[in-house]
Amino acid sequence: MSEIAGWVDFEREPATAGAVVTEMTRALAMGECGDPRLWSGPGGALGLCDARSPGPAGRALLEARGARGPAVIAFGGACDNRAELRGLPGRPDGQGDAAAVLHAYRVLGERFTEHLRGSYAFALWEPRDAALTLVRDRLGTRPLYYLELATGVVFASRPEAVLAHPAAHPALDEDGLRIVLSGIAIPGRTVYRDVREVRAGHTVRLFREGRTERRYWALSAAEHRDDTATTVARVRELLEEAVGEQTADAGRAGSLMSGGLDSSALAALLAGRREGRLATFSVDYQGYEENFRPHIVRPEPDSPYVRDMTAHLGSDHTDVVLTTGDLTAPDVWNALVAALDQPRLFADTEPSMILLYRAVRGRLDTVLSGEGADELFGGFPWFHHPRWAQAPGFPWTPTTDELVGTLFAPAMRDLAVPDFRAEHYREALAELPAPPDEDPRERRMREVGYLFVTRFLPEQLDRAHRLSAGCGFDVRMPFCDHRLVEYALNIPWGVKNFDGSEKSVLRAAAADLLPASVLERRKSGYPMTHDRGYDRILRAKVGELAAGGPVLPLLDASVLDRLREDPSQGPALSRTELELALKLDAWLTRRRLALPH
């Protein structure tokens, strides 16, 4: 697990670059980072924080010399086709991912990005040309941010590291708040004024004269000519290839396994490729199965299916069984605020996720996770109910408004969040080309899939990366392999949903991997505790927010007054808005951010 940071200057050689970038790199070290590695030379400094020894991936911070002069690369993540790149003409300067990628740049020029596969974000500095290249993988599974200064650029894997530069001044504007409250990811934007995100599938080149941005990969609409049987076989083939590539040099690899279709299929594929018992992990709550209450998002508890899958694979399984005390422990909440770059909606699973990831810490180097499967294959309920799928907006917007529509009602109104969402909804749809004469329903379902992949999934990827980085291991998402994404998004809805159940194609592709109970299981979301004591604690904590607390102007004062009088009374409030209020208050305090006036 590697994270990068750096500072380059196009006009001078800052004497403090090495010391500053060392401090920026330390700001990346949320977990087991060890000593930061540093290159300091003409024009600036590049730093790397790595939770593991170099291992099979080789050095991730590398300087090499060629016909065009020296070049330095700071590489975060994994290049899955490093062997293919090393086979290009010439001889790479060293071993591992960074050397292979730098070699590809030397041989292929600026379009080398089109030949890369994997999960990566990296910076390439060429002092002679005073040129900085920032690159992010196609799906954006690795984050990368930058801030332009008067004569240079600061970049890092986390905004917090960018803002550790002495010339950076953290500031939050109204659009930053709208991003937090809207429940959508906006490519290229962050919640911090002036700090930009390198967009997924993009290369950003920065020079004295300014900046250029090139999109080297985009999802496109293509005619799907395969019949159902061929489609199923192709999905299986692509998923097997992704699992194989992402775990080939992954050290100790295991899998999260909830007993659902997605994670169970990944665990089964990985188990078939490795010797010995596969390590698998799931989260559960004390008394959860006995006290389970069905919900449209969670119709069944996970534990019976986890037991079936564990027996089927013979895996070395760890059930992380949590109590309300575990979920509300101050160190868990402090770690969440430190790990995540911004508070997010749909975050009521985060305390349990960080505890699940902590259980993996030190035991594995790489963990497979099923992010992306629901977005690609139509697993979420939002795909299947006209109220959501056919609504003129992001399909999850009605849910968002229900979850934050009470406590945050004044902020949603005053910041015109619905108008903000509508603007970016139109922008997202304008990106997606349409095949000629496409059936209107098929067109809409293609749009829904695209919206989920580009405006919903990025937040899930970022959260998974942040929490795993804090625990010193890599989380890999085979469903986010760009070849599988390209193929799956062009499968017509009539084929994707061919037998009327969610994820029909994926279910058929995994038919021989899973026990019947797991194969036939309905989609069930990540589990949440049923202990009402958890909600009571959240209500009390929100009522106890200190007078003058930074989040208070965003909250409904009358609701707060009722919570202070008696937390057990007052309006019904979702866990999402209670948790958001607490995390937003802690986040604003930690980062010393003031609300815009």
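Here is what the cut-offs are and how they apply
Residues numbered from 1 in each chain as written. Predicted model: local features only at pLDDT ≥ 70, side-chain atom pairs only at ≥ 80, totals over all residues. Heavy atoms only, no water. Helix = DSSP H or I, 4+ residues; strand = E, 2+ residues; numbered from the N terminus. Rg over C-alpha atoms; globule rule 2.2 N^0.38 Å. Buried < 20%, exposed > 50% of the residue type's maximum accessible area, 1.4 Å probe, protein only. Contact = heavy atoms within 4.5 Å. Areas by Shrake-Rupley, 256 points an atom, 1.4 Å probe, with all protein chains shown as cover. pLDDT = per-residue confidence, 0-100. Pairing = 2+ DSSP bridges. Axes fitted to C-alpha atoms, helices over the stretch in contact; angles between N-to-C directions. Polar contact = N/O pair within 3.5 Å; in protein donor to acceptor, adjacent residues only side chain to side chain. Salt bridge = Lys/Arg side-chain N within 4 Å of Asp/Glu carboxyl O. Core = buried A, V, L, I, M, F, W, Y, C linked by side-chain atoms within 4.5 Å. Expected span 1.5 Å × (residues − 1). Parallel < 35°, antiparallel > 145°, perpendicular 65-115°, else oblique. Nonpolar A, V, L, I, M, F, W, Y, C, P; charged D, E, K, R; others polar. Disulfide = S-S within 2.5 Å.

Asks: Please clarify how the overall build of the protein chain should be interpreted in this entry.
Replies: Regarding its fold elements, the protein chain presents 24 helices and 17 strands. Over its C-alpha trace the protein chain gives a radius of gyration of 24 Å, about what one expects of a compact globule, namely 25 Å for 597 residues. Along the longest, intermediate and shortest principal axes, the C-alpha atoms of the protein chain span 70 × 60 × 50 Å. The buried share among the 597 residues of the protein chain stands at 62%. Counting contacts in the protein chain only where the partners sit at least 6 residues apart, residues at least 24 apart contribute 72% of the total. Accessible surface, the protein chain as shown: approximately 22600 Å² in total, 49% of it carbon and sulfur.

Asks: Please explain the confidence of the model for the protein chain as it appears in this structure.
Replies: Where the model shows low pLDDT, its predicted coordinates should not be examined in detail. Averaged over all residues, the pLDDT of the protein chain equals 92, while 97% of them reach at least 70. Under a pLDDT of 50 for its full length, residues 53–57 has, in the predicted model, 5 contacts with residues more than four places off or in other chains.

Asks: Looking at this structure, I do not really get the sheet that holds strand β6 (residues 118–126). What am I missing?
Replies: Across a sheet, paired strands are connected by hydrogen bonds in the backbone, their directions being either parallel or antiparallel. Sheet architecture is open: 6 strands sit in the order β4-β5-β6-β7-β11-β12, paired in antiparallel fashion. Among the strands making up the open sheet, the edge pair consists of β4 (61–66) and β12 (210–215). Across this sheet, the average inter-strand angle for adjacent strands is 15°, counted without regard to direction. Looking at chain direction, strand β11 (residues 202–207) and β12 are connected through 6 bridges and run antiparallel.

Asks: What is the right way to read the sheet that holds strand β16 (residues 366–368) from this model?
Replies: Here 5 strands make up an open sheet; going across it, the order is β15-β14-β13-β16-β17 and the pairing parallel. Of all the strands in the sheet, just β15 (316–322) and β17 (474–476) have a single pairing partner and so form its edges. With strand direction ignored, the average angle separating the axes of adjacent strands in the sheet is 30°. Bridge count between strand β14 (residues 279–285) and β15: 7 bridges; the pairing is parallel. Across the sheet, the residue bridging to V283 is V320, located in β15.

Asks: It is not clear to me how unusual backbone geometry should be interpreted in this structure. Could you clarify?
Replies: Most peptide bonds adopt trans geometry, and most residues besides glycine take a negative phi value. Here K503, not a glycine, exhibits a phi torsion of approximately 55°, which is positive. Here K503 shows up in the loop between α19 (493–496) and α20 (504–509). Overall, K503 belongs to the buried group, its relative accessible area being 3%.

Asks: Can you walk me through the environment of R363 in this structure?
Replies: Mapped onto the secondary structure, R363 falls in the loop between α11 (350–360) and β16. Of the residues examined, R363 reaches a relative accessible area of 36% and is grouped as partly exposed. A distance of 3.1 Å separates the side chain of R363 from the side chain of T318, its partner in a polar contact.

Asks: Is there a simple way to think about the pattern of salt bridges in this case?
Replies: Charged atoms that come close allow side chains of opposite charge to pair. Taken as a whole and assessed by the stated rule, the structure comprises 56 salt bridges. One salt bridge connects R234 with E237, and the closest N-O pair in it is separated by 2.7 Å. Residue R234 and its partner E237 are located together in helix α6 (residues 228–247), separated by 3 residues, close to a single helical turn. Using a relative accessible area of 36% as the deciding quantity, one classes E237 as partly exposed. Its salt-bridge partner being E240, residue R236 comes within 2.8 Å of it at the nearest N-O pair. Of this pair, R236 and E240 both sit in helix α6, 4 residues apart, which is roughly one turn of the helix. The exposure class of R236 is buried, given its relative accessible area of 16%. For E240, a relative accessible area of 32% corresponds to the partly exposed category.

Asks: So what exactly am I meant to see when it comes to the nonpolar core here?
Replies: The nonpolar side chains of a soluble globular protein tend to be buried, and buried together. Counting 196 residues, the largest nonpolar core has L134, Y357 and F408 as the members making the most contacts within it. Per-element accounting of this core gives the leading share, 11 residues, to helix α17 (residues 440–470). Other than its neighbours up to four places away in sequence, L134 contacts F122, A123, L144, Y146, F155, V198, H202, T203, V204 and L206.

Asks: Help me understand the pairing of strand β7 (residues 131–136), please; the structure alone is not making it clear to me.
Replies: Two faces belong to every sheet, and in a regular strand the side chains alternate between them. The buried fraction of β7 is high, at 6 of 6 residues. Residues A131, T133 and V135 of β7 are buried on one face, and the alternating residues L132, L134 and R136, pointing to the opposite face, are buried as well. Two elements, β6 and β7, share 6 bridges in a ladder whose sense is antiparallel. Each bridged residue has a counterpart across the sheet, and for E126 the counterpart in β7 is A131. With antiparallel pairing between neighbouring strands as the criterion, β6 and β7 make up a hairpin whose turn holds 4 residues, including A130 at a positive phi of roughly 50°. Relative to β11, β7 runs antiparallel, the two sharing 4 bridges. Looking at β11, one finds that T133 is bridged to R205.

Asks: How should helix α16 (residues 417–430) be read in this particular structure?
Replies: Since the α-helix packs 3.6 residues into each turn, any two residues three or four apart lie on the same face. Here α16 contains 14 residues, and its C-alpha end-to-end distance of 20 Å stays within 8% of the 20 Å for a straight helix at 1.5 Å per residue. Against α5 (174–182), α14 (397–404), α15 (409–414) and α17 lie the buried residues of α16.

Asks: What is the right way to read the side chain of T310 from this model?
Replies: Tracing the backbone shows T310 in helix α8 (residues 303–313). A polar atom in the side chain of T310 sits 2.8 Å from the backbone oxygen of V306. With residues up to four places along the chain from it excluded, the contact list for T310 reads M257, S315 and H317.

Asks: What's the story with the packing of helix α10 (residues 330–339) against α11 in this structure? I'm lost.
Replies: Relative placement of two packed helices is described by the angle separating their axes and the distance separating the axes. Orientation of α10 relative to α11, taken along the N-to-C sense of each, is 95°, at an axis distance of 10 Å. Between α10 and α11, the angle is such that the two are roughly perpendicular. Contact with α10, carried on its side by D331, V332, W333, A335 and L336, involves E350, P351, I354, L355 and R358 of α11 and no other residues of that element. Of the residues assigned to the contact of α10 with α11, the class counts are 7 nonpolar, no polar and 3 charged.

Asks: Got a minute to help me understand helix α7 (residues 261–271) in this structure?
Replies: Where burial is concerned, most of α7 is hidden: 10 out of the 11 residues are buried. Turning to α7, its buried residues are L261, D262, S263, S264, A265, L266, A267, A268, L269 and L270.

Asks: Would you take a moment to explain the state of the cysteines for this structure?
Replies: As used here, a disulfide is simply a covalent bond connecting the sulfur atoms of two cysteines. The tally for this structure, following the rule as stated, stands at 0 disulfides. No disulfide involves C79; its nearest neighbouring cysteine sulfur is the one of C480, lying 17 Å away. Overall, C79 belongs to the buried group, its relative accessible area being 1%. Counting only cysteine sulfurs, C49 is the nearest neighbor of C471, a cysteine outside any disulfide, at a range of 13 Å.

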